[in-house]
Amino acid sequence: MDIKNPLVIETQNLCKAYKKIQALCSLNLQVPQHSIFGFLGPNGAGKTTTIKLLLGLAHPTSGGGKVFGYDILRESIKIRGRVGYLAQDPRYYEYMTARETLHFTANFFFKGPKRKVEERIAETLDLVDLSDKADRPIKGFSGGEKQRLGIAQAQVNYPDLLILDEPAASLDPQGRHDVLDVMERLRKYTTIFYSTHILDDVQRVSDTVCILNKGKLIAQAPIEQLMAGSGEIIYQLDTQGEVNKVKEFISSQPWVKKVNVTNVDGHSSWEVSITDESMEDQLLRLVMSDLNIRVKDFGRRKQDLEEVFLSLVKEVEHGKQQ
Amino acid sequence: MASNSEFISRGYSSWLGGLSNLWGKENRRWWGTRFWLVQLIIWVLIINGITFAVYQIPVEEMYDTMESGETGPATLETVVQHPELLGLVPFMRLAGLGMVIGVLVIAQGAVIGEKQGGTAAWVLSKPVSRSAFILSKLAGFGLGIFGVMCVLIGITLYVQIWLSTGVLIPPLRYAGMIGLVFLDLLFYLTLSIMLGTFFNSRGALIGIPLILVFSYMIIPNIPAWLIAIMPWNLLDDLTQQALALSVVQGQPIQSFTPLFATVLWCIGFTGIAIWRFQREEF
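Note that the structure is a prediction, hence the values are computed from the model and not measured. (Residues numbered from 1 in each chain as written. Chains lettered and ligands numbered in written order. Predicted model: local features only at pLDDT ≥ 70, side-chain atom pairs only at ≥ 80, totals over all residues.)

1. Considering the overall build of chain B
For step 1, the next point in the chain: A tally of regular secondary structure across chain B gives 14 helices and 1 strand.
For step 2, the next point in the chain: Each of the three principal axes of chain B carries a C-alpha extent, and together these read 75 × 40 × 30 Å.
For step 3, the next point in the chain: Here chain B holds 282 residues, and the buried ones make up 40% of them.
For step 4, the next point in the chain: Taking the intrachain contacts of chain B between residues at least 6 apart in sequence as the baseline, contacts between residues at least 24 apart amount to 78%. (Helix = DSSP H or I, 4+ residues; strand = E, 2+ residues; numbered from the N terminus. Buried ≥ 20, exposed ≤ 12 C-beta atoms within 10 Å, placed from the backbone. Contact = placed C-beta atoms within 7 Å.)

2. Considering the overall build of chain A
For step 1, the next point in the chain: Looking only at helices and strands, chain A has 11 helices and 16 strands in total.
For step 2, the next point in the chain: Principal axes of the C-alpha set define a box for chain A whose edges measure 80 × 45 × 35 Å.
For step 3, the next point in the chain: For chain A, the residues scored as buried account for 41% of the 322 residues in total.

3. Focus on unusual backbone geometry
For step 1, the next point in the chain: Along the chain, A:Gly112 connects to A:Pro113 via a cis peptide bond; the corresponding omega equals -5 degrees.
For step 2, the next point in the chain: Along the chain, the position of A:Pro113 falls in the loop between strand S8 (110-112) and helix H4 (114-127).
For step 3, the next point in the chain: Backbone geometry at A:Phe68 places phi at a positive 55 degrees, although glycine is not the residue there.
For step 4, the next point in the chain: Tracing the backbone shows A:Phe68 in the loop between strand S5 (62-67) and strand S6 (70-71).
For step 5, the next point in the chain: Looking at A:Phe68, the number of C-beta atoms within 10 Å reads 19, which means it is partly exposed.
For step 6, the next point in the chain: Of note in the backbone geometry, B:Asn221 takes a positive phi value of approximately 55 degrees without being a glycine.
For step 7, the next point in the chain: When you line up the elements, B:Asn221 lands in the loop between helix H10 (202-218) and helix H11 (224-229).

4. Things to note about the interface of chain A and chain B
For step 1, the next point in the chain: Between chain A and chain B, the contact holds 31 residues from the first and 27 residues from the second.
For step 2, the next point in the chain: When residues of the side of chain A that touches chain B are assigned to their parent elements, the largest contribution, 4 residues, is made by H4(A).
For step 3, the next point in the chain: Class assignment of the residues belonging to the side of chain A that touches chain B gives a composition of 16 nonpolar, 5 polar and 10 charged.
For step 4, the next point in the chain: Two elements, S8(A) and strand S1 (residues 8-9) of chain B, share 2 bridges in a ladder whose sense is antiparallel. Residue pairing for S1(B): A:Phe110 is matched across the bridge by B:Ser9. (Nonpolar A, V, L, I, M, F, W, Y, C, P; charged D, E, K, R; others polar. Pairing = 2+ DSSP bridges.)

5. So, the nonpolar core
For step 1, the next point in the chain: Formed by 139 residues in total, the largest nonpolar core has its most connected members in A:Ile163, B:Val181, B:Leu185 and B:Ala244.
For step 2, the next point in the chain: If near-sequence neighbours (up to four positions away) are discounted, B:Leu185 is found in contact with B:Met99, B:Val100, B:Val103, B:Ile145 and B:Met149.
For step 3, the next point in the chain: Membership of the second largest hydrophobic core comes to 11 residues, among which are A:Tyr235, A:Val243, A:Val246 and A:Val287. (Core = buried A, V, L, I, M, F, W, Y, C linked by C-beta atoms within 7 Å.)

6. Notes on the environment of B:Tyr216
Residue and element names in this part refer to chain B.
For step 1, the next point in the chain: Assignment of secondary structure puts Tyr216 in helix H10.
For step 2, the next point in the chain: Separated by 167 residues in the primary sequence, Tyr216 and Gly49 place their C-alpha atoms 27 Å from one another.
For step 3, the next point in the chain: Setting aside chain neighbours within four positions, we find Tyr216 in contact with Ile222, Ile227, Trp232 and Leu238.

7. Some points on the domain arrangement of chain A
For step 1, the next point in the chain: We note that the domain assignment places domain 1 (7-227) and domain 2 (233-300) within chain A.
For step 2, the next point in the chain: Each of domain 1 of chain A and domain 2 of chain A was reduced to a C-alpha centroid, and the two centroids are 46 Å apart. (Domains from an automatic or database assignment.)

8. Quick look at the pairing of S5(A)
Residues and elements named next belong to chain A.
For step 1, the next point in the chain: With 5 bridges joining them, strand S1 (residues 7-18) and S5 adopt antiparallel strand pairing. Bridge pairing in S5 links Glu10 to Lys66.
For step 2, the next point in the chain: In this structure, S5 lies alongside S6, joined through 2 bridges in antiparallel fashion. What sits directly across from Val67, in S6, is Tyr70.
For step 3, the next point in the chain: Between the end of S5 and the start of S6, which pair antiparallel, lie 2 residues, with Phe68 showing a positive phi angle near 55 degrees.

9. Notes on the sheet that holds strand S15 (residues 267-274) of chain A
All names here are of chain A.
For step 1, the next point in the chain: If you walk across this open sheet you meet the 4 strands as S14-S15-S13-S16, and the pairing is antiparallel. In the strand order of this sheet, the two ends are held by strand S14 (256-264) and strand S16 (294-300), each with one partner. The average undirected angle you get between the axes of adjacent strands in this sheet is 15 degrees.
For step 2, the next point in the chain: Against the sheet, helix H9 (residues 244-251) makes contact with S14 and S15, and its axis sits at roughly 165 degrees relative to S14, the strand it touches most. (Axes fitted to C-alpha atoms, helices over the stretch in contact; angles between N-to-C directions.)

10. Details of the packing of helix H9 (residues 171-198) of chain B against H10(B)
All names here are of chain B.
For step 1, the next point in the chain: It is at 9 Å that the axes of H9 and H10 come closest, and there the two elements cross at 140 degrees. As judged from the angle between their axes, H9 and H10 are oblique. Seen from above, H9 lies across H10 with right-handed handedness. Packed against H9, whose contacting residues are Tyr188, Leu191, Ser192, Leu195 and Gly196, the element H10 presents Ala204, Leu205, Ile208 and Pro209 at the interface. (Parallel < 35°, antiparallel > 145°, perpendicular 65-115°, else oblique. Left-handed = near helix turned anticlockwise from the far one by under 90°.)

11. What to know about the environment of A:Ser269
Residues and elements named next belong to chain A.
For step 1, the next point in the chain: Its place among the elements puts Ser269 in strand S15.
For step 2, the next point in the chain: On the neighbour-count criterion, Ser269 (14 C-beta atoms within 10 Å) is partly exposed.
For step 3, the next point in the chain: When the C-alpha positions of Ser269 and Phe109 are compared, they lie 59 Å apart, and in sequence the two are 160 residues distant.
For step 4, the next point in the chain: In this structure, Ser269 is in contact with Asp238, Thr262 and Val264, ignoring residues within four places of it in sequence.

12. Remarks on the sheet that holds strand S12 (residues 216-222) of chain A
Residues and elements named next belong to chain A.
For step 1, the next point in the chain: Here we have 6 strands laid out as an open sheet, ordered S7-S9-S10-S4-S11-S12, and mixed in their pairing. The open sheet has two edge strands, strand S7 (83-86) and S12, and neither has a second partner. Recorded for the sheet is a direction-independent mean angle of 15 degrees between the axes of neighbouring strands.
For step 2, the next point in the chain: The sheet contact formed by strand S4 (residues 36-40) and strand S11 (residues 208-213) spans 4 bridges and is parallel. Within S11, the position partnered with Phe37 by the bridge is Thr208.

13. Looking at the pairing of S4(A)
Residue and element names in this part refer to chain A.
For step 1, the next point in the chain: In terms of burial, S4 is a largely internal element, 5 of the 5 residues being buried.
For step 2, the next point in the chain: Every second residue of S4 is oriented toward a common face, with Ile36, Gly38 and Leu40 on one face and Phe37 and Phe39 on the other, all of them buried.
For step 3, the next point in the chain: In this structure, S4 lies alongside strand S10 (residues 191-196), joined through 5 bridges in parallel fashion. Within S10, the residue paired with Gly38 across the bridge is Tyr194.

14. Remarks on the confidence of the model for chain B
For step 1, the next point in the chain: A residue-level look at chain B finds 94% of positions with pLDDT of 70 or above and a mean pLDDT of 90.
For step 2, the next point in the chain: Taken over the whole predicted complex, pTM reads 0.85, whereas the ipTM for its chain interfaces reads 0.85. (pLDDT = per-residue confidence, 0-100.)

15. As for helix H5 (residues 143-155) of chain A
Residues and elements named next belong to chain A.
For step 1, the next point in the chain: Along its 13 residues, H5 runs 19 Å from first to last C-alpha, staying within 8% of the 18 Å computed at 1.5 Å per residue.
For step 2, the next point in the chain: Taken together, the buried positions of H5 are occupied by Gln147, Arg148, Leu149, Gly150, Ile151, Ala152, Gln153, Ala154 and Gln155.
For step 3, the next point in the chain: Turning to H5, the residues buried within the fold contact S7, helix H3 (98-107), H4, strand S9 (161-165) and helix H6 (173-186). (Expected span 1.5 Å × (residues − 1).)

In structure tokens, the structure reads:
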């Protein structure tokens, strides 16, 4: 991995077992400063366990790690002094109001000045759009409001690292949009390390991604690198008309690796794998050279994160990759 | 957006980090809501109600009742000369049983409630030491119990005894007695907090201390050395006259062992609670 920025989080063979269950196995994580780091994996992959280990809420079975250069076992309190954390299912003192909760949180970090702390709390409430509900007890808050309060309390202390555990998982589409929006607004101030199983969210806001499955790291890279996948060049076409003749002709070209055509409702859907990107125009010309074919759509296939994720998980499960 | 350089940051102590904020939160929970008032009303109704009832019974009749229970002051003459004892002795019995149960009920959720409710994990994700978490519970609940069950109830009882008997108990001696009541309650508070770090069941938290409370009443032939190192003799007459009674009457103390032992128990329970909580995973 090419790391231009210093690392905020670095783990070495971090392992955690609960009785006989290996929740996390030899995790070597590297989170660069100022990244929005998507920590991706299905439920039970070990994402929350990793976060708890980083924050000192759980203790590793073996291995270790550092956050801001501080040891996660011995210097946890210094780490937590620079981190903001939103839990997957955040719980607060329900008798407190949103403002009191932020006061309580801010008091762990700041002694004063009082006016500045008040300003910061107001600013934070505003950021998450809770100003009008600031003085209501939390027990009356909806799930989305609690989640926004969670983000507010996590960043009231100007954290150098924001750790968010499934920040949008329990939200409706609008709530999800709002949360991702807040994350994008915060990216210039802090490093954001967030876990999720919602691939669209990762694709939208992350610049670096780590994929975890069954407690094991299966990929870690900048998102562009990951999306480029294996480097295969595949073009997709949508055509109308008889395709057998031209398919045979294209398949015989030396720069063509593989041609797949499926017919649906009079349309033919093509996937042509080629070895040379510069043959793109030639491919289109060859298809169009058959006057019985009308090309309705043509373009290079973009892998989405879901495909990358599923193929990586599949590869690991088939024992091709460790 | 403002910058954090404009703020005065706290130092992050690995031992007491976050204590003042957590203690403040516990104090607000006690004193910033109606909680203290509800507790006060409950204990006024119980303590002052029973004391009122006691003073409605003729002294001789009351003395007979106390004698048959083998728990009363030594002689009828003593009771006649010191009618305040008719208010103080039942109070000490109630403190040693009723108030202890009250403390156990109030404190049962102090640690378990936060562990199960998820708020402990949230708080401990901030720069808070686990020892501070436990000490804040002890300080917050301790202050609340001291303020309501000892000071406020102590004052109402003092006034009630004065109005009922005309006797003004020497304030220092009375304060000494109230101090011993608090020490007894503190024993059960620290025990409850310690058990909260080991168990996730509220039943165990109430059950185990209750076994201790009742054990000297139901287990025959408890060795004298065991009675000496437990808090039972602070408020009840067992191998010696109740320590609190000796203090309030200005009599010589037969043995300070129960007092020192109880203080040591409290320190021990707190130390074990901190040790165990350091190992807790969330």
